[in-house]
Every structure is written in structure tokens, then in C-alpha cells.
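Now for the letters of each chain:
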Amino acid sequence: MRLARDEEISDRRRKAREDDGPDVYDISGLYGEWETHLDAVAGRAVTPPEDLIALLGQVRERLDGLWLEDDQARGYAAMLRACGELEAIVAETGIEAAHALVREQDGSTALIAEAWA
């Protein structure tokens, strides 16, 4: 079965070369399928608490504001420092949460996938 599929793909590639290019195929349907998939994944995603969403929004706004500091170099340095702190929080907390979730769900990764959607 795999060999037949490989031959079909090879035939398509050969045909594309004969027709002078990779744009011979209409792949617009694939984009629609991908968007549908992303919407389905987002619909299953776990939503963080509202206060945490608001806090993350404030952090993003404050970081964006650092671009406008009078002392640009100091603003950029402050952004990097803040991003480093956020990265440390994510690295520590994310790993701990993933491990706890796997333990509590008997190794199921479905909820982890929903959390990262």
C-alpha cells in the first residue's frame, strides 16, 4: 500500500516538473481544512481564569510600552530582563503543571494538548 502511495506522489512530482512548476496544484482546500482544524482545537482549549488573562494583557501592554521609553537602550534592556523572568516562570511552572496533569490523568496527554492549544 505504501509503495503505491509513494509511486503516486512521484508521478505527481514528475507531472508538476513537466508542467513547469509547483503551482500546478490547487491547494486552497487544504488551507480551509487547516483553518477548520485550528478552530476545532481552539474550541477544545482550556481557558485560563479571567483575572490571569487580564494580568497577562497588562504585562503585554507594559512590555509594549517599553519600546517607547526615552532611553531606548534602557527600555530594551528592561524588556529583555522582564522576558527572562517570564521565561523562567513558564519553564518552571509549565513543566510542573504538565507532570502533575499526566500523573492525575494516568498518562493521558489529551488535556495537555488542550492546554497548549
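Basis of the calculations
- Residues numbered from 1 in each chain as written.
- Predicted model: local features only at pLDDT ≥ 70, side-chain atom pairs only at ≥ 80, totals over all residues.
- Heavy atoms only, no water.
- Helix = DSSP H or I, 4+ residues; strand = E, 2+ residues; numbered from the N terminus.
- Buried < 20%, exposed > 50% of the residue type's maximum accessible area, 1.4 Å probe, protein only.
- Expected span 1.5 Å × (residues − 1).
- Salt bridge = Lys/Arg side-chain N within 4 Å of Asp/Glu carboxyl O.

Chemist: Sorry, what's going on with the environment of Ala82 here?
Modeler: You can see Ala82 is positioned in helix α4 (residues 72-104). Residue Ala82 is classed as partly exposed on the basis of its relative accessible area, which comes to 27%. A C-alpha to C-alpha distance of 8.0 Å links Ala82 and Leu63, two positions 19 residues apart in sequence.

Chemist: Hey, could you run me through α4 in this one?
Modeler: With 33 residues, α4 extends 47 Å from end C-alpha to end C-alpha; this agrees with the ideal 48 Å at 1.5 Å per step. Backbone geometry just after α4 places Asp106 at a positive phi near 55°.

Chemist: How should helix α2 (residues 28-44) be read in this particular structure?
Modeler: In an α-helix, one turn spans 3.6 residues, which is why side chains three or four residues apart end up on the same side. If you check α2, its first and last C-alpha atoms are 25 Å apart, about what 17 residues at 1.5 Å a residue would give, namely 24 Å. Counted residue by residue, α2 has one buried out of 17 residues, so it is predominantly exposed.

Chemist: Before we go on, may I ask you to explain the pattern of salt bridges in this structure?
Modeler: Evaluation of the coordinates by the stated rule reveals two salt bridges. Between Arg62 and Glu69 there is a salt bridge; the shortest N-O distance is 3.9 Å. Among the ionic pairs, Glu85 bridges to Arg81, the shortest N-O distance being 3.5 Å. Taken together, the residues span about one helical turn, with Glu85 and Arg81 both in helix α4 at a distance of four residues.

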